[in-house]
Amino acid sequence: MKFNIIYGWHVVNHVLLNNYKLIIKLFLLKDHKKFLYILKILNKYNINYTLVELNFLNKILYNKNHQGIYAEIQEIIYKSEFYLFQLLNDIVNPLLLIFDSVIDPQNLGVCFRISSLVWVNAIILSYKNSCLITDSVHKISCGASLTVPIIKVVNIVRFLNIIKLKNIYIIGTSEKSKFSIYNENLTIPLAFVIGAECSGLRYLTMKNCDTIVSIPVQGYIKSLNMAIAVSVILFESLRQKMN
């Protein structure tokens, strides 16, 4: 049976509270400082677990920062386009995050975490130009990569043209754009399209967006780290909706 792994207090606790059925088996340090709290949840949901020594966790996780807790979870199954379109039928004002390309697991993990905070309905990745959703991504995202729906598509440009038919406004991002994100109406059904860490949006992807925006900056460095840029954009969207 294939499985993925997660480790670290925040990610495992997030899954226990939000999607405990993913857990196949959990390994818990015998003298974990949150032993009684975790045990109560494990017994409540009848989750299979084993109490272990510190040496066991260090060995199985190659001395990673496991914080005394580790779990084997069901293998990630990416959602289909059909699943997303069914989901969109029930959402009045959808918000999608689309990655034209993403190769850095740390950036992707941060983007998942931010997405869960601002109610992004789904994250869309390309089959060809995306890093794998690994245990590192799960840990950095604090488990959000296991609760925010992930859609994988073969062709990003084709996907953009399909969601346009569903009245979703597509905003691409580029530091070269003269149009500020702060002048856009972000309260409507939206999809933000994010380019690769080094090269940005590909030409055809950019051409098929409804508009291209930038984040105004001052100083000598004109570009932002991808995860920081996503954070700024998503929180501006949230700010406008809250107002």
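Since we're looking at a predicted model, the values are computed, not measured.

> Tell me about the packing of aromatic side chains, and name the residues and values.
By the definition in use, this model includes five aromatic pairs. Summarising the aromatic geometry, the rings of tryptophan 9 and tyrosine 37 are spaced 5.8 Å apart at their centres and angled 65° between planes, so their arrangement reads as edge-to-face. Highlighted residues: tryptophan 9 in helix 1 (residues 9-18) and tyrosine 37 in helix 2 (residues 35-44), separated in sequence by 28 residues. Connected via pairs of aromatic rings, a cluster forms that spans Phe27, Phe56 and Tyr70. The ring of tyrosine 78 is capped by lysine 152, whose NZ or CZ atom sits 4.7 Å from the centre of that ring.

> Can you explain the packing of helix 4 (residues 81-89) against helix 7 (residues 156-164)? Please cite residues and give values.
In contact at an axis separation of 12 Å, helix 4 and helix 7 are set at 25° when each is read in the N-to-C sense. Considered as vectors, helix 4 and helix 7 are oriented roughly parallel to each other. Judged by the twist between their axes, the crossing of helix 4 over helix 7 is right-handed. Facing Glu81, Leu84 and Phe85 of helix 4, the residues of helix 7 in contact are Arg158, Phe159, Ile162 and Ile163. In terms of residue class, the contact of helix 4 with helix 7 is made up of five nonpolar, no polar and two charged.

> A description of the side chain of serine 101 should follow, citing residues and the corresponding values.
Here serine 101 is to be found in the loop between strand 5 (95-99) and helix 5 (105-117). Given the relative accessible area of 13%, serine 101 is considered buried. Among the polar contacts listed, one links the side chain of serine 101 to the backbone oxygen of asparagine 129, at a separation of 3.3 Å. With near-sequence residues (within four places) excluded, serine 101 lies in contact with Asn129, Ile194, Gly195, Ala196 and Glu197.

> Outline the pairing of strand 8 (residues 169-173), supporting the account with residue identities and numerical values.
The buried count for strand 8 comes to four of five residues, which makes it a mostly enclosed element. Alignment of strand 8 against strand 9 (residues 190-194), held across four bridges, turns out to be parallel. From the neighbouring strand, glycine 172 faces strand 9, where its bridge partner is valine 193. Sheet analysis places strand 8 next to strand 10 (residues 211-213), joined by three bridges and oriented parallel. Its bridge partner lying in strand 10, threonine 173 is registered against valine 213.

> Before we move on, could you go through the sheet that holds strand 1 (residues 3-7) and cite the residues and values that matter?
If you walk across this open sheet you meet the four strands as 1-4-2-3, and the pairing is mixed. Lying at the two open borders of the sheet, with one neighbouring strand each, are strand 1 and strand 3 (49-52). In this sheet, adjacent strand axes meet at a mean angle of 20° when their direction is disregarded.

> Let's hear about the pairing of strand 4 (residues 69-74): which residues, and what values?
By the criterion of burial, strand 4 is predominantly enclosed, with five of the six residues buried. Pairing between strand 1 and strand 4: five bridges, direction antiparallel. Residue pairing in the sheet places phenylalanine 3 in a bridge with glutamine 74 of strand 4.

> Would you mind going over the nonpolar core in detail, with residue names and values included?
By size, the foremost hydrophobic cluster in this structure holds 51 residues, and its most contacted members are Leu16, Leu26, Leu97, Phe99, Phe112, Phe192 and Leu234. With residues near it in sequence (within four places) discarded, leucine 97 still touches Ser115, Val120, Ala122, Ile123, Ile124, Phe192, Ile194, Val230 and Leu234. Phe85, Leu160, Ile168 and Cys209 belong to the second-largest nonpolar core, a separate cluster that totals 20 residues.

> Describe helix 4, naming the residues involved and giving the relevant values.
Regarding helix 4, the residues found buried are Glu81, Leu84, Phe85 and Leu88. Seen end-on, helix 4 carries its buried residues on one side only, within an arc spanning 95°. Along helix 4, exposed side chains directed more than 90 degrees from the buried face belong to Phe82 and Asn89. Those residues of helix 4 hidden inside the fold are in contact with strand 5, strand 6 (122-126), strand 7 (150-153) and helix 7.

> Break down the packing of helix 5 against helix 9 (residues 226-242) for me, citing the residues and quoting the values.
Between helix 5 and helix 9, the shortest axis-to-axis distance is 9 Å and the interhelical angle comes to 10°. One way to sum up the angle between helix 5 and helix 9 is to call them roughly parallel. Two secondary-structure elements touch here, helix 5 through Asn107, Val110, Cys111, Ile114, Ser115 and Leu117 and helix 9 through Met226, Ala227, Val230, Ser231, Leu234 and Phe235.

> So what's going on with helix 2? Which residues, and what values?
Among the residues of helix 2, those classed as buried are Ile38, Leu39, Ile41 and Leu42. End-on, the buried residues of helix 2 take up no more than an arc of 165°, which puts them together on one face. Exposed residues on helix 2 whose side chains face more than 90 degrees from its buried face are Leu36, Lys40 and Lys44. Contact partners of the buried residues in helix 2: helix 1, strand 2 (23-29), strand 3 and strand 4. Positive phi appears at asparagine 46, one or two residues downstream of helix 2, with a value of about 55°.

What counts as what
- Residues numbered from 1 in each chain as written.
- Predicted model: local features only at pLDDT ≥ 70, side-chain atom pairs only at ≥ 80, totals over all residues.
- Heavy atoms only, no water.
- Phe/Tyr/Trp six-rings, centres within 6.5 Å; stacked < 30°, edge-to-face > 60°.
- Helix = DSSP H or I, 4+ residues; strand = E, 2+ residues; numbered from the N terminus.
- Lys NZ or Arg CZ within 6 Å of the ring centre and 35° of its normal.
- Axes fitted to C-alpha atoms, helices over the stretch in contact; angles between N-to-C directions.
- Parallel < 35°, antiparallel > 145°, perpendicular 65-115°, else oblique.
- Left-handed = near helix turned anticlockwise from the far one by under 90°.
- Contact = heavy atoms within 4.5 Å.
- Nonpolar A, V, L, I, M, F, W, Y, C, P; charged D, E, K, R; others polar.
- Buried < 20%, exposed > 50% of the residue type's maximum accessible area, 1.4 Å probe, protein only.
- Polar contact = N/O pair within 3.5 Å; in protein donor to acceptor, adjacent residues only side chain to side chain.
- Pairing = 2+ DSSP bridges.
- Core = buried A, V, L, I, M, F, W, Y, C linked by side-chain atoms within 4.5 Å.
- Arc of directions from axis to C-beta.

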